[in-house]
Every structure is written in structure tokens, then in C-alpha cells.
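Architecture and fold: a report
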Amino acid sequence: MSETQRIAVIGAGVMGSDHARTIATKIHGAELAAVADIDLGRAQALAAELGARFATASPAEVIGSDQVDAVLVASHDSTHTELVLACIAGGKPVLCEKPLALDLDDCARIIAAERSAGRRLVSVGFSRRFDPALVELKAALDAGEIGRALLAHAVHRNVSSDPSGDSASTVLNSAIHELDQTPWLFSSPVTEVSWHAPASTGLLPGRQDPQLLLIRTADGALTTVEVFVNAVYGYDVRLEVVGETGTLALGHPAAVVRDTALTRQTRYPADWRPRYAAAYRAEVQSWVDAIRGTYDGSALADAVDGYRATAVAHAVIASMGTDGRTVIVDYPHAELTPAAEPFAQGV
């Protein structure tokens, strides 16, 4: 399939708007066909800005439209399950922003529906898999440049967060990037986790911030993840992998570096978009190429990856409820884990 793909974006908030602009201006073989948002005025404004064919407050309208070939879901996390299932029922490829679903049973429903459809339709927006620096780091690790990986340190800091969230939502919406990144990086599933609470900023009542997660993968490597969603000074993501014969990192320390709110504008962006612009472009381009049949979609996270990340997130939340005891990660729907056929064989 080589024709231009007509893409609808559901959700016209910060994430959805950014995806819509990327599709409209930077993706080969695609056009922005429609925008849907619960706020019709916001959808109409974005559609007018980018020349989309139509805007609506009804996600069902874009999913069912004969003017739409594929759908990108960037609406609230709680809407993902039903929207993805509707796309599968309509036979339309869907790229769903993380998390795939908040509930493991819902993830299993999506996997089962896709398998019943008989072809790969679902991709999950774990954009870190397309970050050029992280891709290079993984290639060096896979090539054995530092021997066997023993330990990794990951940092994920945001300027501020949604004030309505709680400690569990930090895991399901923010830390879930690292919960997918870690097994992908080491090519090894997560087997156990524990959650730890350092001193909290107290900026948001009812939310522990920052949080520290310990993640062990089946290869024996241990990863620490600091997730700090109200770090104030800027959006800052770091990673170091320690191996038997060296280290690999996404950045290098230099003496004393002072990162504070006063230096935020000059050192760090206010959100993720500048840091991961290239990753989002590459992810969406790969998805479009997979739909068009010019790429097999192998680098894209699938519904099973989405399920596994949610399973790890729930184990972390379970540890949170036991004051940090180690929790074995359970993947209770093991019979559903085989992925559907690659895009090139079905779409």
C-alpha cells in the first residue's frame, strides 16, 4: 500500500496538538484528515490551523469516517481502551499514546480483539524506542561494548504535573516510559520491582514526589528509576548503564552543575517536546510506513508491550501499598502474549 494515509488525531491537548502538527507538516505519506476533541472549539481551531478536512467532538465519528484511514489516540488515559477497541472493530490501524490501558484486563481485551481481527492494528506510543541517543546506546549495549549490563540509573524529571493526579498516576502516566524502556533496552522482561519514598516536596497534597523505583530484569540487571514530576527547574531525562567493562550514558557529568528554577529557561525546556521531537517524528513516520506496507513495524511497541508495561506499573503500585516491599511481576494473561502478524503481512 503506497497511497497517502489519511490520519485522524483524537485529543487536541498538548500531546495531540503536537502529533497533529507533526503529521501535517513533517510526515511523508500522510495527511491530517480530522481532529476530534471533547472541546469542539479546540478541535476546530487545530483543524483550521493545519488544514484538516473536518473537526468533531465525537471520536466515533472520526473512527467510522470513510475519510480516515488510521487513528492516533492522544486523549485522556481513561479513554484509551474503548477508543482502541473501536479502531480494531473498524479495521483501522491505531497508534495509542501510553498507557495502552489503565487496567490489565482492558489490555487483554485489546490483545484478544486484535488477534480476532487477524492482523496487526495496534501500536503504543513508547517514543523512547525512537530517540536517536537511546537507540545508539542500545546498539552499543547489544554489541557488547561494555560487556554484560549489571546496573542502570534512570532519571525522569518534569517541571510540573497535573494537580489532579496521585502517586499511582505518576507511575501509570510518567514512570511507565521507563517501565517499557528498561526491558526493551536489556531485551529482558521485568521480574520484580519495589517502590520507595524519599522526602516529598509537598507541592501536591496526596502525591509522593519524587519516587524511587527499583526494577530487576530476568538477566539479573538492577535499574533504579527516579521519577520527579514537580522538579520545577526543567524537563530533564538521564540514563547511565553500568556494565562489566565500562559505562554507557545519555550525557556526561561535568564538575558542579547547578540546575535550579533560575536557570530553567537557559538549560532545560519546560516540557518533553524539544527533547523528544526527533523521537516522535521517527515514531509516527515508522507507524505510517508500516501502514503503507513499506516497513514491517518491528521497532514499534505493540499491544503486548503495552500490556507488559501496565503489568509492571501495577506491580510498582502494589509495592507502594506495602511500604516498599519487593513485588514479583505477574503477567496473568500469558496466553494472550503472542503478538499479531506484522503490519506488512496484514495491513
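For the structure itself, look to the data block above.
The structure reproduced in this document is the subject of the present report. (Residues numbered from 1 in each chain as written. Predicted model: local features only at pLDDT ≥ 70, side-chain atom pairs only at ≥ 80, totals over all residues. Heavy atoms only, no water.)

The mixed open sheet is built from seven strands, whose spatial order is β12-β11-β7-β10-β9-β8-β14. Edge positions in the sheet fall to β12 (247-249) and β14 (327-328), since each has one partner strand and no second. Inspection of the sheet shows strand β7 (residues 149-157) paired to strand β10 (residues 222-228) by seven bridges, in the parallel sense. Across the sheet, H156 pairs through a bridge with V227, a residue of β10. (Pairing = 2+ DSSP bridges. Helix = DSSP H or I, 4+ residues; strand = E, 2+ residues; numbered from the N terminus.)

For helix α6 (residues 132-142), the set of buried residues is L134, L137, K138, A140 and L141. The buried residues of α6 all sit within an arc of 160 degrees when viewed along its axis, so they share a single face. Away from its buried face by more than 90 degrees, α6 exposes E136 and D142. Check the buried side of α6 and you find it contacts β7, α7 (167-186), β11 (236-243) and β12. (Buried < 20%, exposed > 50% of the residue type's maximum accessible area, 1.4 Å probe, protein only. Arc of directions from axis to C-beta. Contact = heavy atoms within 4.5 Å.)

All right, on to the pattern of salt bridges then. Pairs may arise between side chains of opposite charge once their charged atoms sit close together. This structure, assessed with the given rule, holds 20 salt bridges. The residue E31 makes a salt bridge to R53 at a minimum N-O spacing of 3.1 Å. With E31 in strand β2 (residues 30-36) and R53 in the loop between α2 (40-50) and β3 (54-56), this residue pair connects regions lying 22 residues apart in the sequence. Judged by its relative accessible area of 27%, E31 falls in the partly exposed class. The class of R53 is partly exposed, set by a relative accessible area of 42%. R216 serves as the salt-bridge partner of E192, at 3.3 Å between the closest nitrogen and oxygen. One end of the pair, E192, is in strand β8 (residues 190-196); the other, R216, is in strand β9 (residues 211-217), with 24 residues separating them in the sequence. Counted as one network, the salt bridges with shared partners bring together R157, E226, D236, R238, D259 and R267. (Salt bridge = Lys/Arg side-chain N within 4 Å of Asp/Glu carboxyl O.)

Time to look at the sheet that holds strand β6 (residues 122-125). Pairing within the open sheet is mixed, and its seven strands lie in the order β3-β2-β1-β4-β5-β6-β13. Each having just a single partner strand, β3 and β13 (301-302) make up the two edges of the open sheet. One ladder, built from three bridges, connects β2 with β3; its direction is parallel. For V35, the partnering residue across the bridge sits in β3 and is A55. Each of β1 (5-10), β2, β4 (70-73) and β5 (94-97) is contacted by helix α1 (residues 14-26), which is oriented at about 150 degrees to β2, the strand it contacts most. (Axes fitted to C-alpha atoms, helices over the stretch in contact; angles between N-to-C directions.)

What follows is about the packing of α6 against α7. Running from N to C, α6 and α7 cross one another at 35 degrees; their axes reach a closest spacing of 9 Å. Side by side, α6 and α7 meet where L134, L137, K138, L141 and D142 of the first sit next to Q181, W184, L185 and F186 of the second. Taken together, the residues that form the contact of α6 with α7 break down as six nonpolar, one polar and two charged. (Nonpolar A, V, L, I, M, F, W, Y, C, P; charged D, E, K, R; others polar.)

This brings us to the state of the cysteines. Enumeration over the complete set of coordinates arrives at zero disulfides. The thiol of C87 is not disulfide-bonded; the next cysteine sulfur, from C96, is found 8.7 Å away. By relative accessible area, C87 is classed as buried at 0%. According to the relative accessible area criterion, C96 is buried, its value standing at 0%. (Disulfide = S-S within 2.5 Å.)

Next up on the list: the environment of I88. With respect to the secondary-structure elements, I88 resides in helix α4 (residues 80-89). Under the relative-accessibility criterion, I88 is labelled buried at 7%. Taking the C-alpha atoms as reference points, I88 and E283, 195 residues apart in sequence, are found 20 Å from one another.

Here we take up the nonpolar core. In a soluble, globular protein the nonpolar side chains are often hidden away together inside. Ranked by size, the top nonpolar core spans 35 residues in total, and within it I10, V62, V84, L100, I110 and V122 carry the most contacts. Excluding its chain neighbours within four sequence positions, the residues that come into contact with V122 are V84, I88, V94, L100, I110, E114, A301, D302 and A303. (Core = buried A, V, L, I, M, F, W, Y, C linked by side-chain atoms within 4.5 Å.)

Quick look at the packing of aromatic side chains now. Enumeration over the complete set of coordinates arrives at two aromatic pairs. Seen from their ring centres, Y233 and Y268 are 5.3 Å apart, and the 80 degrees between their planes marks the pair as edge-to-face. Placement of the pair is Y233 in the loop between β10 and β11 and Y268 in the loop between α8 (264-267) and α9 (273-292), with a sequence separation of 35 residues. Here Y233 and Y268 have matching classes, each one buried. On the numbers, 6.3 Å between centres and 80 degrees between planes, the contact of Y235 with Y276 is edge-to-face. With Y235 in the loop between β10 and β11 and Y276 in helix α9, this pair connects stretches of sequence that are 41 residues apart. Judged by relative accessible area, Y276 falls into the buried class, the value being 3%. (Phe/Tyr/Trp six-rings, centres within 6.5 Å; stacked < 30°, edge-to-face > 60°.)

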